[in-house]
Structures are given as structure tokens and as C-alpha cells.
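Structural description and commentary
Okay, here's what each chain looks like letter by letter:
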Amino acid sequence: MEFSAQMIAELIGGTVVGNPSAAVSNFAKIEEGRPGCISFLANEKYENYIYSTQSTIVLVNDSFEPKNEIQATLIKVPNAREAVAKLITIYDSMKPKPKGIDPTASIDPTASIGENVYIGPFVAIGPKAVVADGCILHPHVSIGSGARIGKNTIMYPNSVVYHDCKVGERCILHAGCVVGADGFGFEPTANGYEKIPQIGIVVLEDDVEIGANSCVDRAVMGETVIKSGVKIDNLVQIGHNCEVGSHTVMSAQVGIAGSTKVGEWCMFGGQVGIAGHATIADRTQAGAQSGIPNSVKKPDQQLMGSPAIEPRTWWKAQAVVKQLPDMYLTLNRMKKEIEELKSRLNQQEN
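Predicted model, so just to flag it, every value in this text is computed and none were measured. (Residues numbered from 1 in each chain as written. Predicted model: local features only at pLDDT ≥ 70, side-chain atom pairs only at ≥ 80, totals over all residues. Heavy atoms only, no water.)

Strand order in the open sheet formed by 5 strands is E2-E7-E6-E5-E4, with mixed pairing between adjacent strands. Looking at strand neighbours, the two that pair on one side only are strand E2 (15–17) and strand E4 (26–27), the edges of this open sheet. Two elements, E4 and strand E5 (residues 37–41), share 2 bridges in a ladder whose sense is parallel. Across the sheet, the residue bridging to Phe27 is Ile38, located in E5. Helix H1 (residues 5–12) contacts E2, E5, strand E6 (57–61) and strand E7 (73–77) of the sheet and is inclined by roughly 10° relative to E7. Its contacts with the sheet put helix H3 (residues 80–93) on E4, E5, E6 and E7, and the angle it makes with E6 is roughly 135°. (Pairing = 2+ DSSP bridges. Helix = DSSP H or I, 4+ residues; strand = E, 2+ residues; numbered from the N terminus. Contact = heavy atoms within 4.5 Å. Axes fitted to C-alpha atoms, helices over the stretch in contact; angles between N-to-C directions.)

This is the structure we're talking about:
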């Protein structure tokens, strides 16, 4: 389906500069632009590409003023990045959605299946499970007994929701993610480690997204809770009895140990690690590979390093670390000189 520049401008509240009839049917990065595609310019580092791009339309910020001639039709908007995100969402929503139940799916007779669902090949749905209206379950999805999947949730291939866990509406569970596996609970004994049964559940509230091969462990007792709007990247581990506040985001390989409470609107870079039983204040931001061993009590803090500290202090410390080999040599030389001076002074006194 093609869209003209004028149609797009009306959708996103923009202003056309150029040919309002210019039409596009796909998206492309500005540096890889092709005829019939729409691109965007939001970072001034990429401005040079706008003068050579082959894209038919380019979204730009209202403040953009070209320095050279541009072949593409421009659409000026308050925020080009937000505008292209809105367009991609509209474009994706227009794709036809699969429907129907594949004959190879295994659905327990006591399970409840809503209307307008898609259940793909070899999906397994256990006893008394509930799959609400509009859900899309791709091949090899597994839903345990008594689990509940909210309206319009999408589960991609091989994603798993264990027994009795609850998934809210409009959630997205990517391939291979596991919701509700046992928490890591073992009691050391003289004969080894005795497993502690994990009898709690996981609750995902509405609009949660879990990345591929990420795991959210069930509680020992009670609930592990991921609140509304949380976005979790691939290969993330959330331990048992954790609570993650609404609209928090986590990049790949974040690990949160058990019984930790994370506040709202937090942001964790890749490979951030948080110790168990900690409380992390709202809007905490932790840079990649930060290690947080204790609670963060004040909101709106930025942290880096391990153990995590204020970023400016961390960068100063890193600058010193680079000088440590030379400082070590200097220190040893000074020690020898001091010993020689002491020896000479002793000789003079004697």
C-alpha cells in the first residue's frame, strides 16, 4: 500500500516541503535510502546523508534548515524520531493477523479459548488455562495448567508460561522466553543441596514485553510481579519474588537476584547486575555492566561501575586506573630511594 506525503503529514501532524503527491510504500535508513521509501533525520551526525539519499520522503525536525539542495520531499514535524515510530506502528498494525486453530495444537478440553485467536502448529495449552480474545500463539508455544493469558497478547515460537502464572493484556513474549520457571532455591545439607519447592507464581501486568530467551522466575511463595509497561530485552534474568516497577526498561543480560524491588521508570544498560533483597528507587539509571550490591534509596540517581557509583566519579577513577602501572613503578622507585636515605642517615648518626 502506498501513502503520499500529504497523507503521511496528516497522520502525524507534519508540514510537507516539496511534492505532496510523492508516494512511498516502505521504510529505509537515510544512509540506505531507496526510491519509494521514507526515512528520517533526527541526529545531526547523519545530516550529510540527506543531500544524497535516494529516499522519496524524509521526516525532519521543524528546526531543520538545509545547507544544500535536497531531492527528497521533506515532512517537518516537532520530533522526527517520535513521528517515524508512530508511522511504523501504524504500518505494522495494517499487516493481516493470523487467525484460526491449527489441527496439530494440543488444547486440553477444560481450557478456555477466546474469540479471534490464532493458535499455531504444535501449541500446547494445559488444563483450565485461559487464553483471552485476540491472542496470537505462534508454533510450539506452551501454556501450563491454570495459566491465564490476557487479551491481544502475542507469544512467539517456543515461549513458555508455566502453570498458574498470569499474563496481562497486550503483552509480547518473544521466542524462547520462560515465565514461571522455578526460582533458584536450594538449601545446603551434608549430602548436597536440597531443593526448596517454588510454590508461588509470576504476574505480568498489561503492556509488558519480554525479550527472547529471557526468564522471569516464579516466587517461592506469593508472586514475582512485573508491572505494567515494563520492557525487558533478550537474555535477561529476573529472580524469584522480585518486583519490577511500571515502565522500567532493561537491556540485554541484566540480572536481578531474588526478592529485589525495582522502582518505576528505571533504566538498566546491558549486563547490569543487582544483588538480592535490594530496593532500587524510582528512575534509577545504571550504565552498562554496573554492579549494584545494595539498595539505592534516593530516586533519580545515575550510576556506573562495580560497585556502582556516580558516573563522574567513576570516569575519574577510570582515568586513574590507566595510570596505575606507571604509578606502581614510581611508588617502588620512591620506596627504594626512601630506604637508601634512611640507611645514609643511620650511618651518619652512628
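So, next bit.
Taken in spatial order, the 10 strands make up an open sheet running E9-E12-E15-E18-E21-E26-E29-E32-E35-E38, and their pairing is parallel. Edge strands, defined here as strands with exactly one partner in the open sheet, are strand E9 (106–107) and strand E38 (291–292). Bridging between strand E21 (residues 178–179) and strand E26 (residues 215–216) involves 2 bridges; their strand directions are parallel. By the bridge assignment for E26, Val178 is matched with Cys215.

By size, the foremost hydrophobic cluster in this structure holds 51 residues, and its most contacted members are Leu137, Ile143, Ile238 and Phe268. If you tally residues by element for this core, the top one is strand E24 (residues 201–204), at 4 residues. Not counting residues within four places of it along the chain, the set of residues in contact with Ile143 comprises Ala124, Ile125, Gly126, Ala129, Val131, Leu137, Ile149, Met155 and Val161. By size, the runner-up hydrophobic cluster in this structure holds 16 residues, among which are Ala22, Ile38, Ile57 and Val77. (Core = buried A, V, L, I, M, F, W, Y, C linked by side-chain atoms within 4.5 Å. Buried < 20%, exposed > 50% of the residue type's maximum accessible area, 1.4 Å probe, protein only.)

A few words on the pairing of E24. The side-chain alternation of E24 yields two buried faces, one formed by Ile201 and Val203 and the other by Val202 and Leu204. In this sheet, E24 lies alongside strand E19 (residues 166–167) in parallel orientation, the contact comprising 2 bridges. If you follow Lys166 over to E24, its bridge partner there is Val203. Alignment of E24 against strand E27 (residues 223–226), held across 4 bridges, turns out to be parallel. Bridge pairing in E27 links Leu204 to Ile226.

What follows concerns the packing of aromatic side chains. Scanning all chains against the criterion turns up 4 aromatic pairs. Ring centres of Trp314 and Trp315 lie 4.7 Å apart, and the angle between their planes is 75°; on these two criteria the pair is classed as edge-to-face. Judged by its relative accessible area of 52%, Trp315 falls in the exposed class. (Phe/Tyr/Trp six-rings, centres within 6.5 Å; stacked < 30°, edge-to-face > 60°.)

We now examine the side chain of Ser159. The residue Ser159 is located in the loop between strand E17 (154–155) and strand E18 (160–161) in this model. A polar contact is formed between the side chain of Ser159 and the backbone oxygen of Tyr156, at a distance of 2.7 Å. Among residues more than four places away in sequence, those in contact with Ser159 are His140, Val141, Ser142, Leu173, His174, Gly176 and Cys177. (Polar contact = N/O pair within 3.5 Å; in protein donor to acceptor, adjacent residues only side chain to side chain.)

A few words now on the environment of Asp62. Secondary-structure assignment places Asp62 in the loop between E6 and E7. Using a relative accessible area of 42% as the deciding quantity, one classes Asp62 as partly exposed. It is 50 Å that separates the C-alpha atoms of Asp62 and Asp164, two residues lying 102 residues apart in sequence. If we skip the residues at most four places from it in the chain, Asp62 touches Lys76, Val77 and Pro78.

A separate point is helix H4 (residues 311–349). Taken as a whole, H4 carries its principal kink of about 50° at Leu324; the proline Pro325 stands between one and four residues after it. A distance of 3.1 Å separates the backbone nitrogen of Arg312 from a side-chain oxygen at the start of H4, and that oxygen is part of Glu310. (Bend = angle between axes of the 7 residues up to and from the residue.)

Burial analysis of E5 places 4 of its 5 residues in the buried class, the great majority of the element. Across 4 bridges, the pairing between E5 and E6 is parallel. Looking at the pairing, Leu41 lines up with Val60 of E6.

This next bit is on unusual backbone geometry. Trans is the common state for peptide bonds, and a negative phi is the common state for residues other than glycine. Omega for the bond connecting Ser306 with Pro307 falls within 30 degrees of zero, at 0°, which places this linkage in the cis form. The phi angle at Arg170 is positive, at roughly 60°, despite the residue not being glycine. Of note in this structure, Asn213 is not a glycine but carries a positive phi near 60°. For Asn213, the location among the structural elements is in the loop between strand E25 (209–210) and E26.

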